[in-house]
Amino acid sequence: MKDKPCTLTLEDGTYYDLTQLASAKGDYVANVGDITYILNVCRKVVSQTYRIDEPENVGALMRDGYVDFSMGEVNTTLTLSPMTDEPMIIMTDGSICPNNPGQTASTAIRFICSSQSDFYVDKPIFITSLPPQGPCQFYFEWNTPLACRPGRTRPTNPTNPTSPKGGLETHNYYFAFGAIVVIAILTWFGGLTLYNRLYLKRRGLSQFPLPSFDYQSISLPPRNSAEHPGPNWDSSRRRPSRSGGYRPVQTEGHDREERFAPRFSLDEGD
């Protein structure tokens, strides 16, 4: 049996219903510096959009000054987070990525079980976006009691290491990175495949963006002994003297005798 829009039923009977978060009066806002993120749940945004194609389908957008950027179209199908077994919404087919014309923006929102007394309850929390320059994949977390299973609540004390929330917060960035990487790969693969098939008219395996490897052969030039002679060892050359280039002066035998002869002699009469 197919689930109703914005609901999810698990095999063990757990039932998630996020229809209460769909707001027709106003959107949810998350501010990060000069950038404003505007989101809604399971319906299009209420805010007026600027220079966005098909504004009636925008489920989330990024506003930087007077420039709007669609982060994904409305999606009413909930999926299950693979790491925490909590509901999740993935919105795709947003605006064209600034640094990749063959890819469109996408957004993943993970809904976290939280009590009503939590400070960030029912508010989107911006986690990260990729790539750093010209972001095109966005990730948010959303604390709400609607993400709790029946009879299960999550402690709100983040300093308690034994609480489920404290244990899961250490994995938030890993989960965000993994989810965005998967979305980016699927969007990139599908976008380039459609581009190759519809625009370049490719068929078969050539329409898929598969990597090709071209190995360049390296050849060394032959060594010619005539052009590149080896070192010339001349046995007739004398080895350099170890005395720093100075050679001993040879003296004649007569000179040696005079040098060692005494300068003075004693007469017998003295």
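- Under an unreviewed UniProt entry, the name given to the protein is MRH domain-containing protein, and the organism recorded is Cryptococcus neoformans.
- According to UniProt, the comment filed for the protein under the heading Subcellular location (unreviewed entry) is "Endomembrane system".

## Re the pairing of strand β5 (residues 58–64)
Argument step 1. Of all seven residues in β5, six are buried, a share of seventy percent or more.
Argument step 2. By the bridge criterion, five bridges tie strand β4 (residues 35–39) to β5 in an arrangement that is antiparallel. Bridge assignment links Y37 to a residue of β5, and that residue is M62.
Argument step 3. Where β5 folds back on strand β6 (residues 67–73), the antiparallel hairpin that results is connected by two residues, among which G65 adopts a positive phi of roughly 75°.

## Thoughts on the confidence of the model for the protein
Argument step 1. Here the protein shows a mean pLDDT of 76. Residues at 70 or above account for 66%.
Argument step 2. Note that pLDDT drops below 50 for residues 153–170; the model gives that stretch 22 contacts with residues more than four away or on any other chain.
Argument step 3. Contacts for the low-pLDDT stretch residues 241–246, under 50 throughout, to residues beyond four places or in other chains number one contact.

## Overview of the pattern of salt bridges
Argument step 1. Applying the stated rule across the entire model yields four salt bridges.
Argument step 2. Across the salt bridge formed by R110 and E141, the nearest N and O atoms sit 2.8 Å from each other. Placement of the pair is R110 in strand β11 (residues 106–113) and E141 in strand β13 (residues 137–144), with a sequence separation of 31 residues. Like E141, R110 is buried.
Argument step 3. Via salt bridges that share partners, E86, R110 and E141 belong to a single interconnected network.

## Section: the sheet that holds β13
Argument step 1. Overall, mixed pairing links the five strands, which are arranged β7-β8-β11-β13-β12 in an open sheet. Each edge of the open sheet is held by one strand with a lone partner, namely β7 (79–80) and β12 (124–130).

## Quick word on the nonpolar core
Argument step 1. In this structure, Y37, V41, M71, F111, F138 and F140 are the most contacted members of the largest nonpolar core, which totals 28 residues.
Argument step 2. Elements that contribute at least two residues to this core include exactly β3 (28–32), β4, β5, β6, β8 (87–91), β11 and β13.
Argument step 3. Residue contributions to this core peak at three residues, all from β13.
Argument step 4. What F111 contacts, discounting residues up to four positions off in sequence, is L18, L21, V41, E86, P87, M88, I89, W142, T144 and A147.

## Some details on the packing of aromatic side chains
To describe a pair of aromatic rings, you give the distance between the ring centres and the angle between the ring planes.
Argument step 1. One pass over the structure, following the stated rule, counts seven aromatic pairs.
Argument step 2. Between F111 and W142, the aromatic rings sit 5.6 Å apart at their centres with planes inclined by 35°, giving tilted as the arrangement. You can see F111 sitting in strand β11 and its partner W142 sitting in strand β13, a full 31 residues away along the chain.
Argument step 3. Members of the aromatic cluster, each reached through a chain of ring pairs, are Y37, F69, F126, F138 and F140.

## Observations regarding a nonpolar patch on the surface
Argument step 1. Judged by side-chain polarity, F189, L205, F208 and L210 come together as a nonpolar surface patch covering roughly 380 Å² of accessible area.
Argument step 2. Looking at the element boundaries, L205 is found in the loop between α2 (172–199) and α3 (253–260).
Argument step 3. Residue L205 is classed as exposed on the basis of its relative accessible area, which comes to 65%.

## Quick word on the side chain of E141
Argument step 1. For E141, a relative accessible area of 6% gives the class buried.
Argument step 2. Among the polar contacts made by the side chain of E141, one reaches the side chain of R110 at a distance of 2.8 Å.

## As for the pairing of β13
Argument step 1. In terms of burial, β13 is largely enclosed, as eight of its eight residues are buried.
Argument step 2. Along β13, one buried face is formed by Q137, Y139, E141 and N143 and the opposite face, lined by F138, F140, W142 and T144, is buried too.
Argument step 3. One ladder, built from eight bridges, connects β11 with β13; its direction is parallel. Its bridge partner lying in β13, R110 is registered against E141.
Argument step 4. Pairing analysis gives six bridges linking β12 to β13, with the strands arranged antiparallel. By the bridge assignment for β13, P124 is matched with W142.

The rules behind the values
Residues numbered from 1 in each chain as written. Predicted model: local features only at pLDDT ≥ 70, side-chain atom pairs only at ≥ 80, totals over all residues. Heavy atoms only, no water. UniProt positions renumbered as here; feature names shortened; annotations may be inferred. Buried < 20%, exposed > 50% of the residue type's maximum accessible area, 1.4 Å probe, protein only. Helix = DSSP H or I, 4+ residues; strand = E, 2+ residues; numbered from the N terminus. Pairing = 2+ DSSP bridges. pLDDT = per-residue confidence, 0-100. Contact = heavy atoms within 4.5 Å. Salt bridge = Lys/Arg side-chain N within 4 Å of Asp/Glu carboxyl O. Core = buried A, V, L, I, M, F, W, Y, C linked by side-chain atoms within 4.5 Å. Phe/Tyr/Trp six-rings, centres within 6.5 Å; stacked < 30°, edge-to-face > 60°. Patch = residues over 30% accessible without salt bridge, like charges linked within 9 Å, V, L, I, M, F, W, Y side chains within 5 Å. Areas by Shrake-Rupley, 256 points an atom, 1.4 Å probe, with all protein chains shown as cover. Polar contact = N/O pair within 3.5 Å; in protein donor to acceptor, adjacent residues only side chain to side chain.

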